[in-house]
Amino acid sequence: MRVTKDLIAGLNAGQLEQQAGAYTHLAGQLAEGGVDASQVVERLRDFQVAIPSWALGAGGTRFGRFSQPGEPGSLEQKIEDVGLLHALTGSAGAISLHIPWDIPQDYPAIRQQAASLGLAFDAVNSNTFQDPRGAPATYRYGSLSSTDPAARSQAVAHNIEVIGIGEKLGSKSLTVWLADGANFPGQANFQKALSLTVESLKQIYAALPNDWKLFIEYKPYEPNFYSTVIPDWGTSYMLAGECGPKAYTLVDLGHHLPNTNIEQIVATLMLKGKLGGFHFNDSKYGDDDLTVGSIKPYALFLIFNELVYGMAHNPQNPYPSWMIDASHNIKDPLEDLIQSLEAIREAYARALLVDRKALEAAREGHDPVGCQEILQSAFRTDVRPLLQQARLEAGAALQPLAAYRKLEVRKGLTRERGTRSVATGL
Ligand SMILES: [Mn+2]
C-alpha cells in the first residue's frame, strides 16, 4: 500500500485556508518576540527521526502479546510501513534494523525499496539478549561480559557481523545494548564483568569502519533486576572513552530510574562531545516504552531545550542520531508512531522558541522566577501551526493521524497481508 502525494494533497486541500490563517497569526506573534517562524519551520522540516523495525508490530509484555491485523510479516513490509509514516508525517525518513530479526535477503532490492520511499538506513542494532538459534554458546549468563570465553567471542562475532550487514545497507552506526547483569547480590563480580565488557567492546570497535560510530546504550535494570553491566550514562561514557573517538553514549529516555534529571545528562554529554544517539519513548515507572510525550511532555521539552542549546553551542558533539524506541501492546503501532513523531516535533519546536538571550540575562540576574517564565512561555505556545506548515511544505499531511484514518490505511494493509500476519522478531 502506498500513500501518494496526490492523495495527501487531496486531503490537505480542504484545510489550506485554515492553516494559512493559523500560521500567519502565530508567525506574527512570534515575530514580535524576534522569532522568524519560517526558520523554525525549516528546522522542523529537516528533523528526521528513525523508526525501528521492531516498533511496527504490536509490542508485547511478558504476560502476552496481542497482534494487530495486517502487521508487517517481512522486512519489505516493515520498510513499506515506515514509508507510509514518512509520506504522512514527512518526519520519519529512516529505518533502524534489528539483527537477526531483519536480515535482508536481497540487499540491492531492499536499498532500492527504501530509497524509493525516501528512507535512509539508520543505526543497526545487535542482539545478544536472546540465544541465536542453533548457536553453540548461550547468553543466559551474559554476552560481552560473560565469564565464558565462548559466549563472549560469539557475541563479539555477532556484533561484527551486524556491522557488515549495516555496511551493505548504507548504515553508519552500530548500537549496542547489553542485557548483561545479575539478578542476585553476589552473583557477579562487578569488576570482572566490567573489565570483560571493555575488552569485548574494544574488539567490536576495532572492526568499526572509519566513518562509523558505536553507540553504547545504558539501562539501570531489566531483564536483570539486581545489577546491569552498563547501568548508567557514566558507565557508558567511560566505556566510550576507553573505546575511542568513534564511540558515543546513547540515551534512551526509558532507561533511567524515576525522576532522573535526563536534561542534565544530555547537557553533560554534549559538552563532552559524547552524545551519539537518542531513543525516544515515555514512561511512568520504568522502561514502559509508551508513546512519546504521553506522560511527561514538560520533561521532554526540557530535554529538547538542552539539545537545542547543545546543537548550537557544542561543535565538538556530532549531530545526534534520533530514533523512536517505543512499542505498545494495544495501540495500532502506526498510529502510536504518528503520535510519537508529533510529540517529538512539538517539543523540538517549543525548545526552538525559547528566548535564549533573555534566559541567559535572567540567569545572570539571579532571577529564577524570570527563568521559569521564559521557559514556560515557550512551552505554553501552541506550535501546531508550525508543525503543520513544515508538513505542508514537505508534501506531507496537515493532519497525519486524521489522514491515516480517513485513508483507512490499516484496513488496506490488512486486506493485503491478512489478519494473521505477525511482525517478525517479536
Ligand atoms: Mn533503546
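Note that the structure is predicted; figures quoted are calculated from it, not measured.

Draft legend 1. A look at the overall build of the protein. Helices and strands together make up the secondary structure of the protein, namely 16 helices and 11 strands. Taken along its principal axes, the extent of the C-alpha atoms in the protein is 65 × 60 × 40 Å. When the 426 residues of the protein are sorted by exposure, 46% land in the buried category. Contacts in the protein between residues at least 24 apart in sequence constitute 79% of all its contacts with a sequence separation of at least 6.

Draft legend 2. Representation of unusual backbone geometry within the structure. Cis rather than trans, the peptide bond between I99 and P100 has omega equal to 20°. Relative to the elements of secondary structure, P100 occurs in the loop between β2 (94-96) and α5 (107-116). Looking along the chain, the bond that leaves E222 and enters P223 is cis, with omega of 5°. Along the polypeptide, P223 turns up in the loop between β7 (213-217) and β8 (227-228). You will see that H366, though not glycine, has its phi angle at about 50°, which is positive.

Draft legend 3. Summary view of the nonpolar core. L88, I95, L214 and L386 are the most contacted members of the largest nonpolar core, which has 113 residues in total. Broken down by element, the residue count for this core peaks at 11 residues, all from helix α11 (residues 333-352). Once residues lying within four places of it in the same chain are set aside, the contact partners of L88 are V3, I338, A396, A397, P400, A403 and Y404.

Cut-off values and rules
Residues numbered from 1 in each chain as written. Predicted model: local features only at pLDDT ≥ 70, side-chain atom pairs only at ≥ 80, totals over all residues. Helix = DSSP H or I, 4+ residues; strand = E, 2+ residues; numbered from the N terminus. Buried ≥ 20, exposed ≤ 12 C-beta atoms within 10 Å, placed from the backbone. Contact = placed C-beta atoms within 7 Å. Core = buried A, V, L, I, M, F, W, Y, C linked by C-beta atoms within 7 Å.

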